[in-house]
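Each chain is listed here by its residues.
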Amino acid sequence: MTRPTRVRFAPSPTGLLHIGSAHTALFNWLFAKREQGTFLLRIEDTDAARSRTEWVDAIFEAMDWLGMDWDEDILYQSKRTARHQQRINELLESGRAYRCYYTTEELDERRQAAMKSGENWRNDRRYADISTSEEEELKAEGRRSVVRLAIPEGKTSFCDRVLGEIEIDNSTLDDFVIARSDGSPLYHLAVVVDDIDMKISHVIRGMDHVSNTPKHIQLFDAFGYELPEFAHLPMILGADKKKLSKRHGVVSVMEYKESGYLSDAVVNFLLLLGWQSGDDQEFFSREELKSRFSLDQVHKRDTVFDLKKFEWLNGQHLATLSTVELVPLVTPFLVSAGILNEDGANVSEEYLIQVIDLLRERCRTFKDFPAQAGYFFSDDFEYNPKALRKHWLKEPEMVIERLRWLRDAYSDLSTFDAGSLEEATRTLSEMHDLGAAQFIHPCRVALTGQLGGPSLFHLIEVLGKSRTIERLTRALDLVSTIEVPQ
Ligand code: GLU
């Protein structure tokens, strides 16, 4: 009988939720969705020195933003010490674990001696079967004991869903410690006891945990629990092929939100880190992700975090939203850039829609909007020195003349839309036997200060007649007086 699919995401709350952890969470979540299973959250907060409640909240916030909902109650590992100890006692009673009274120095000596003769020292279980009176004597000497799991001779093997067959010799495991001398449980013990109590059927986690798995298997066996399946996910590397870290400028999940990414794009991008659809498809909606995901398409190779691709993918997701949907998403970015007032009082909704509609094709993240939108909301914009050099200052007298012609022609227009503006500009260029570009470029600089931007005639239509005429008039003076930084 196959058991119900139950997976868990088990972050340690020692910092903001990073891309690597979100990646693990997503693969578990998608697997559970796909298999109609249960996705559980376990907070591994036993490291009192490093765990903090604010980091736990940060995990919730990031999971919430990414839309990864979990089932059942959250399990806090730190609240389960008594249960872990109870399970340790069971192992002591069944003889699968023993108390070891060796001091650290004694262990070091033995290890070194073994190394000299080219061997791996394995605990000789000298204290495994001592009598109560011997134990009392050891305690009276001031010795303290740890609890070790007795690892049988032989091999530990498992078939990883991603990596395939893995086998290690048990001699490499030694009899590892499962409880410290103060009785507190060690990490591997806590993980396995919790996985058993949570009835976990599949352990899906990063490749950095694969070396722990044989130890976990030994513990599952010791407790007589049918092994879960294991799937170790590829590591995410930076462009320099080193393990992804802050050095690569790759930040926590919520910082991507602040940088103007959509959560659907983050989720889509995370999936492509280590998973292939089998065809060339890279864009996936959330619903498609849930129906297409399979562990069988996870590859073993390390995967490289490609920010350019991430931006591109975000642009693709952004393109699926209507301009009206974009307005409330872009507005906070315009406010925090100081372009819009907090209450949005300095601009009408209709104007905002027109501006966003014009800029959206050129934006991949929400942060790109304020970078390009300034001149739509304020006359006090910077003139790009490159644009000035290229389009104004090579032939200033002629530029002034052309801008004057444009201003006069535009002032005469009764309909101020892109079509009429374009027609008026083309008429002028034919009349003076000049290329349209010789009007368009200096005009763009006059109206926006920029080298490039959205279609000029549509932009002018949005800016409106009075603003356009004012800026052209201002430019007539500026062309001969403006100082260009070198
Ligand atoms: N708490 C571990 C981590 O954050 C995960 C352990 C596990 O998934 O087994 O890397």
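Anything mentioned here points back to the structure above.
The sections below set out a description of the structure shown in this document. Numbering of residues starts from 1 in each chain and follows the order in which that chain's sequence is written. Note on the predicted model: pLDDT of at least 70 is required for a residue's local features to be given, and 80 or more for side-chain atom pairs to be given and counted; whole-chain, interface and lining totals, by contrast, use all residues. To get the side-chain values, take all heavy atoms of the structure and skip hydrogens and water.

## Regarding the packing of helix 18 (residues 437-448) against helix 20 (residues 465-481)
Alright, step 1. Only C-alpha atoms enter the line fits that serve as axes; for helices the fit covers just the stretch in contact. Angles between N-to-C directions range over 0 to 180 degrees. Runs of H or I in DSSP of at least four residues are treated as helices and runs of E of at least two as strands, each being numbered from the N terminus. Between helix 18 and helix 20, the shortest axis-to-axis distance is 8 Å and the interhelical angle comes to 105°. The orientation of helix 18 relative to helix 20 falls into the category roughly perpendicular. The residues of helix 20 that touch helix 18, namely those facing Cys443, Ala446 and Leu447, are Thr468, Arg471, Leu472 and Ala475.
Alright, step 2. Of the residues belonging to the contact of helix 18 with helix 20, the class tally is 5 nonpolar, 1 polar and 1 charged. An angle below 35 degrees is read as roughly parallel, one above 145 as roughly antiparallel, one from 65 to 115 as roughly perpendicular, and any other as oblique. Here, residues are in contact when the closest pair of their heavy atoms is within 4.5 Å. Note on residue categories: nonpolar means Ala, Val, Leu, Ile, Met, Phe, Trp, Tyr, Cys or Pro, charged means Asp, Glu, Lys or Arg, and polar means any other residue, Gly included.

## Quick word on the sheet that holds strand 8 (residues 177-179)
Alright, step 1. Following DSSP output, two strands are said to pair if at least two bridges run between them. Read from one edge to the other, the open sheet built from 3 strands follows the order 4-5-8, with strand pairing classed as antiparallel. This sheet does not close on itself; its edge strands, each paired only once, are strand 4 (97-100) and strand 8. Averaged over all pairs of adjacent strands, the angle between strand axes in this sheet comes to 45°, irrespective of strand direction.
Alright, step 2. Judged from the 2 bridges that link them, strand 5 (residues 146-149) and strand 8 form a sheet pairing that is antiparallel. Considered in strand 8, the bridge of Val147 is made with Ala179.

## Structural notes on the site of the ligand
Alright, step 1. Residue proximity to a molecule or strand is established when one non-hydrogen atom of the residue lies within 4 Å of it. Around the ligand sit Arg8, Ala10, Pro11, Ser12, Glu44, Tyr187, Arg205 and His209, and that is every residue in its neighbourhood.
Alright, step 2. N or O atoms within 3.5 Å of each other form a polar contact, as long as, within protein, one can give a hydrogen and the other can take it, and as long as residues adjacent in sequence are counted only when both atoms are side-chain atoms. A distance of 2.7 Å is found between an oxygen atom of the ligand and a side-chain nitrogen or oxygen belonging to Arg8.
Alright, step 3. For the ligand, a nitrogen atom lies 3.0 Å from a polar atom in the side chain of Ser12.
Alright, step 4. Split by residue class, the shell around the ligand holds 3 nonpolar, 2 polar and 3 charged.

## Looking at helix 3 (residues 81-94)
Every α-helix carries 3.6 residues per turn, so stepping three or four residues along brings you back to the same face.
Alright, step 1. Under the convention used throughout, the expected extent of a helix is 1.5 Å for every residue step, that is, one less than its residue count. With 14 residues, helix 3 should reach 20 Å at 1.5 Å per residue; the first-to-last C-alpha distance of 20 Å fits that figure.
Alright, step 2. Under the scheme applied here, a residue whose accessible area is under 20% of the maximum for its type counts as buried, over 50% as exposed, and between as partly exposed, the area being computed with a 1.4 Å probe on protein chains only. The complete set of buried residues in helix 3 reads His84, Arg87, Ile88 and Leu91. Seen end-on, helix 3 carries its buried residues on one side only, within an arc spanning 105°. For helix 3, exposure combined with an orientation more than 90 degrees from the buried face picks out Ala82 and Glu93.
Alright, step 3. In this structure, the buried side of helix 3 is in contact with strand 4, strand 5, strand 8, helix 6 (187-197) and helix 7 (213-222).
Alright, step 4. Where helix 3 terminates, the next one or two residues include Gly95, which has phi positive at roughly 85°. The directions considered for the arc run from the helix axis to the C-beta atoms.

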